[in-house]
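Coordinates in review
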Amino acid sequence: MVSPEPSSVAYDLLRWMPLIPLLASGFNLFFGRALGKQTAGALAAAAVGASFALACYVFWQLPAHGIWRDTVYTWIESGSFQVALSFQVDALTAVMLLIVTGIGFLIHLYSLGYMAHDEDRVRFFVYLNLFIFFMLLLVMGDNLLILFVGWEGVGLCSYLLIGFWHHDHNNTIAGNKAFIVNRIGDFGFILGIFVLVTELGRQGIWTLDFVELQQHVKMLEPATITLITVLLFVGAAGKSAQLPLFVWLPDAMAGPTPVSALIHAATMVTAGVYMTARLHFLFILAPATLALIAVIGAATAFFAATIALTQNDIKKVLAYSTVSQLGYMFLAVGVGAFGTAIFHVFTHAFFKACLFLGSGSVIHALGGEQDMRKMGGLKGFMPVTYWTYLVATLAIAGVPFTAGFFSKDLILWQTFSHGATGLWSIGLITAGMTTFYMFRQLFMVFHGECRVDAHAKAHLHESPAVMTLPLMILAAGSIFSGWLGAPEYLWGSRWEHWLEPVLGVSEVHHDSVSTEMIITLLTLGVVVSGFLLAFVNYRKTGAQTGSQAGGGLFYQISFNKFYVDEFYDLAIVRPFTALASFFARIIDPWVIDGTVNGVATTARRFSNIWRYLQTGNVQHYAAMFLTGALALLAYFLGQL
Amino acid sequence: MVALHHYLILSAVIFAIGVIGVLIRRNLIVVLMSIELMLNAVNLTFIAFSRYLGSADGQVSVFFVMAVAAAEAVIGLAIIISVFRHRQSLDPQEMQLLKW
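Residues numbered from 1 in each chain as written. Chains lettered and ligands numbered in written order. Predicted model: local features only at pLDDT ≥ 70, side-chain atom pairs only at ≥ 80, totals over all residues.

1. A closer look at the overall build of chain B
- Within chain B one finds 3 helices and 0 strands.
- The C-alpha radius of gyration of chain B comes to 17 Å, more than 25% above the 13 Å expected for a compact globule of 100 residues.
- In terms of principal-axis extent, the alpha carbons of chain B reach across some 50 × 25 × 25 Å.
- Considering only intrachain contacts with a sequence separation of at least 6, the fraction spanning at least 24 residues in chain B is 47%. (Helix = DSSP H or I, 4+ residues; strand = E, 2+ residues; numbered from the N terminus. Rg over C-alpha atoms; globule rule 2.2 N^0.38 Å. Contact = placed C-beta atoms within 7 Å.)

If you want it as structure tokens, here you go:
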């Protein structure tokens, strides 16, 4: 299981990867306006580009079994407990680096076009660069504390960017919701860290360092490990929008579309998957937790897909699709296939970023319209957007030889060969639903008659090159990124070998190739039927698109998102606010203030009695002096 | 023969006179003089014991007390003069600004 001890080499270059975006962010914060809006944006994009170049170099140079480290300084030192501000790059981090900086760079480029008309775009780029910094901290940190700082930092940037257009109160509320729901998860996460540190400390090991943790984790009791991993998974479920904490992600679409693409699809929301992969040595010791993760992942995938079937907002469909795909990733984690989960993170980053940016291109062209019922027939107006969107749709649906085909099929195959047939069938049905809702969207937006109102139609235009170029690159990635992880019966996977030094040799059996092919064909069958269903119903749109009122019970439930928000509002938010207002109106003014003020009042009344002793007359004081001295004298004489 | 207790009794009487002067006189200069009385009563005790015990320690203390008393008299008189210029009065009963 454990590969030979990886060689750890110090390498000072690493710190510049997060530092450059941070510096650009700080520079733009203070001098961005003076620099001019266009230049500030270009600077931000260039900074991420520089990080991307460094990431490519590191990826290229990193030896297969190597770990590169860069210790900046010792952050906390308390007895034998030490935490360093230290970065590390191994195979897993290198992959995440490429995703974060690569996709991040493309989306920065895209934002130059998308945000071109926004007054406040300097602030936008400040936040975006700050996000890249924190995300790099998250994936590069060599101990749990650095990871946690990055984890909280990306949460903050997510909050800031969801509420970027804060003039609309709804956006601010969405930002708050994301932040608060994430707090719940983060609370579990930090509790998990605390338990881990204290339990290891009880064995005499005071460390948060991943390498050392991996060496010593076997000293822990199985029950303790289960507790720790469940708590950590609560954090992952919050950040990666799993049941029951997924509610913030669809609302997070209130932010600008590049943000949805970068933060709420490609990078930040996959942090939970990254964290479980980084701590895989902990999770594989807790089979009960893994089983829980698999069930929650499959349930989330299925549940979110059913909601996505009926949504009419172009970004809401993609948001629920993201939740669903994240469910797939956790399904893979749950069956112990960490490498496959990261593989899906990798491919998903391409096609989901492409889809979001494509939808952003559509929204941009329509002047802010997001309702798919008011779109249609855009294929002729926006050919580049259409073709890239089609490619990404094929990829997420899992059409053969696109990226999604390889990664999703691998997850389903791993689940099946793990013996979890029930979860596998849920994943299979979800794959069908994914195809259905994605092609439903494609048909509603780009095919059929054009339902755009006349005013917006006059302005219809293909997006500028700075926006379409990232789309084309991402579309290419949506196909070819999957080819790294091909199944055995094609040309075999390079992916698993790359991650082996970190994640260990995969336990999955490759022996039954014929079974694997049958499973793939089954999946394909489901995908094709999903496509046909969408084709029949939505190819000639118009009749079905507006049928919100006419749907049956299931339609209503799905359209209203299973009333989860309403349920949370009733079960948690309202009792909580009622309790809070009870405390605010009764407990706080009467009990808390009453106690504090009561103490003060008592002291004041008491001292009011005695203050009159202080006459201001020197001779009175001298008399008291004398009385005291005589009393003391009398006392000591009495002692004799 | 004047014995030790004669000195001590005299010293106690002078000290008591000084204390009473500090407590009841209405003139700050007299109060200051009463303080000098108290100090010198103590000096007398020091000298008496010094003689009785045949040790020079008491005499050393007396020199310190006298030096401090001189400094105290200088500062005290300076304060009294400036108070008088300010208020045209030396009655301590009228100086009660620093109270509740």
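Past the structure itself, the notes keep going.
2. Looking at the domain arrangement of chain A
- Annotation of chain A at the domain level lists domain 1 (9-285), domain 2 (287-559) and domain 3 (568-639).
- Once you take the C-alpha centre of each, domain 1 of chain A and domain 3 of chain A turn out to be 49 Å apart. (Domains from an automatic or database assignment.)

3. Comments concerning the interface of chain B and chain A
- Between chain B and chain A, the residue contacts involve 10 residues of the former and 11 residues of the latter.
- Here the side of chain B that touches chain A is built from residues that sort into 7 nonpolar, 2 polar and 1 charged. (Nonpolar A, V, L, I, M, F, W, Y, C, P; charged D, E, K, R; others polar.)

4. Some points on the packing of helix α6 (residues 169-202) of chain A against helix α8 (residues 222-239) of chain A
Residue and element names in this part refer to chain A.
- Contact geometry for α6 and α8: axes closest at 7 Å, N-to-C directions at 155 degrees. By the angle between their directions, the pair α6 and α8 is classed as roughly antiparallel. Once α6 is placed against α8, the crossing between them reads as left-handed. Two secondary-structure elements touch here, α6 through Val181, Asn182, Ile184, Gly185, Asp186, Gly188, Phe189, Leu191, Gly192, Val195, Leu196 and Glu199 and α8 through Thr224, Leu227, Ile228, Leu231, Leu232, Val234, Gly235, Ala237, Gly238 and Lys239. (Axes fitted to C-alpha atoms, helices over the stretch in contact; angles between N-to-C directions. Parallel < 35°, antiparallel > 145°, perpendicular 65-115°, else oblique. Left-handed = near helix turned anticlockwise from the far one by under 90°.)

5. Details of unusual backbone geometry
All names here are of chain A.
- Each neighbour pair has its own omega, and for leucine 243 with proline 244 the value is -5 degrees, a cis peptide bond.
- Summarising the element assignment, proline 244 is placed in the loop between α8 and α9 (248-251).
- We note that alanine 241 has phi near 55 degrees; this positive angle belongs to a residue other than glycine.
- The backbone of phenylalanine 401 sits at a positive phi, close to 70 degrees, despite the residue not being glycine.
- Secondary-structure assignment places phenylalanine 401 in the loop between α16 (383-397) and α17 (403-417).

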